[in-house]
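Summary of the model geometry
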Amino acid sequence: MATPTLLILNGPNLNLLGTREPGIYGSSTLEDVEQLCASAAGAHGWAVTCRQSNHEGELVDAIHAAAGTADGIVINAGAYTHTSVALRDAIAGVGLPTVEVHISNVHRREEFRHHSYLSAVSDAVIVGAGVDGYRLAVDHLVRKLTAA
């Protein structure tokens, strides 16, 4: 039997973690986040596939591909959270359990960040827990999918 897998999908500018606005996003790098997710999933006997892109279509393609390769999705779509109906439709279309993650508390930031197109099609939303939000998302999905 194949190892259950989660797709960890990061959107635009998350490749700059560790150097981009550390007062907001902290000092952890994207590699640190990916290792955190792998460790959290591995503790449950699960695996992760990590992807990052600054391009909306590549993120949509990764979500589509997840339908045949992953059991759930953890997504931080970055700024596309607030603009992309395409990502929303891709998540709804594949029907995989999904957790939306934001490192910062978007509700304490600019007004345009308060709306998410992804929240309505996500099983959970984790906001403002720093990079630990990814671990919480992995743990949540593993529990949800193991109980199913």
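Residues numbered from 1 in each chain as written. Predicted model: local features only at pLDDT ≥ 70, side-chain atom pairs only at ≥ 80, totals over all residues. Heavy atoms only, no water.

1. Thoughts on the pairing of strand β3 (residues 72-76)
Rules: Accessible area is worked out with a 1.4 Å probe on protein chains only. A residue is then buried under 20% of its type maximum, exposed over 50%, and partly exposed in between. Starting at the N terminus, helices and strands are each numbered in turn, a helix being any DSSP run of H or I of at least four residues and a strand any DSSP run of E of at least two. Pairing between strands is defined by DSSP: at least two bridges between the two strands are required. The handedness of a crossover follows from its direction of travel: if, with the strands pointing away from the viewer, the path from the first strand over the helix to the second runs clockwise, the crossover is right-handed.
With five of five residues buried, β3 lies mostly within the body of the structure. Judged by which residues are buried, β3 turns out to be covered on both faces: G72, V74 and N76 on one side and I73 and I75 on the other are all buried. In this sheet, strand β4 (residues 98-102) lies alongside β3 in parallel orientation, the contact comprising three bridges. Across the sheet, the residue bridging to I73 is T98, located in β4. Handedness of the β3-helix α4 (residues 85-94)-β4 crossover: right-handed.

2. Description of the environment of A137
Test applied: Note on contacts: a residue pair qualifies if any of its non-hydrogen atoms lie within 4.5 Å across the two residues.
Among the secondary structure elements, A137 is positioned in helix α5 (residues 132-147). With 39 residues separating them along the chain, A137 and T98 place their C-alpha atoms 8.8 Å apart. The contact partners of A137, leaving out residues within four places of it in the chain, are V74, V99, V101 and I126.

3. Focus on the pattern of salt bridges
To be explicit about the condition: Within this document, salt bridges are pairs made up of a side-chain nitrogen of Lys or Arg and a carboxyl oxygen of Asp or Glu, the two lying within 4 Å of each other.
According to the stated counting rule, one finds four salt bridges in the structure shown. For K144, the salt bridge is made with D123, and the minimal N-O distance between the two is 3.6 Å. Of this pair, K144 sits in helix α5 while D123 sits in the loop between β4 and β5 (124-127), placing them 21 residues apart in sequence. Judged by relative accessible area, D123 falls into the partly exposed class, the value being 40%.

4. Here we look at the side chain of H102
Note the threshold: Whenever two N or O atoms come within 3.5 Å, that pair is a polar contact, provided that in protein one can donate a hydrogen and the other can accept it, and provided that, for residues adjacent in sequence, both atoms are side-chain atoms.
Summarising the element assignment, H102 is placed in strand β4. According to the relative accessible area criterion, H102 is buried, its value standing at 6%. A polar contact is formed between the side chain of H102 and the side chain of E100, at a distance of 2.6 Å. If sequence neighbours within four positions are ignored, H102 has contacts with N76, T81, I126, V127, G128 and A129.

5. Thoughts on the environment of N76
Along the chain, the position of N76 falls in strand β3. For the pair N76 and G45, spaced 31 residues apart in sequence, the C-alpha to C-alpha distance is 23 Å. Ignoring any residue separated from it by four or fewer positions in sequence, one finds N76 in contact with L9, N10, G11, L14, V101, H102, I103 and Y134.

6. Focus: the sheet that holds strand β2 (residues 47-52)
The strands that make up a sheet pair up through hydrogen bonds in the backbone, lying either parallel or antiparallel. Definition in use: Between N-to-C directions, angles cover 0 to 180 degrees, with each direction set by a line fitted to C-alpha atoms, over the stretch in contact for helices.
A sheet is described by the order of its strands in space; here five strands give the open sequence β2-β1-β3-β4-β5, paired in parallel fashion. Looking at the sheet topology across the chains shown, the edges are occupied by β2 and β5. For this sheet the average axis-to-axis angle between neighbouring strands, irrespective of direction, equals 20 degrees. Of the pairings in the sheet, the one linking strand β1 (residues 5-10) to β3 comprises five bridges and is parallel in character. Along β3, the bridge assignment pairs I8 with V74. The sheet contacts of helix α2 (residues 30-42) involve β1 and β2, and relative to β2 the element is tilted by about 160 degrees.

7. What to know about the packing of α2 against α5
In a packed pair of helices, the relevant descriptors are the angle between the two axes and the axis-to-axis distance. For clarity, the cut-off: In what follows, roughly perpendicular refers to angles from 65 to 115 degrees, roughly parallel to angles under 35, roughly antiparallel to angles over 145, and oblique to any angle outside these ranges. Put simply, a crossing is left-handed when the front helix is turned counterclockwise from the back one by less than a right angle, and right-handed when it is turned clockwise. Note on residue categories: nonpolar means Ala, Val, Leu, Ile, Met, Phe, Trp, Tyr, Cys or Pro, charged means Asp, Glu, Lys or Arg, and polar means any other residue, Gly included.
The N-to-C vectors of α2 and α5 enclose an angle of 30 degrees; their axes lie 9 Å apart at closest approach. On the basis of the axis angle, α2 is roughly parallel to α5. Note on packing geometry: the crossing formed by α2 with α5 is right-handed. Facing V33, L36, C37, A40 and A41 of α2, the residues of α5 in contact are D132, Y134, R135, V138 and D139. Split by residue class, the contact of α2 with α5 holds seven nonpolar, no polar and three charged.

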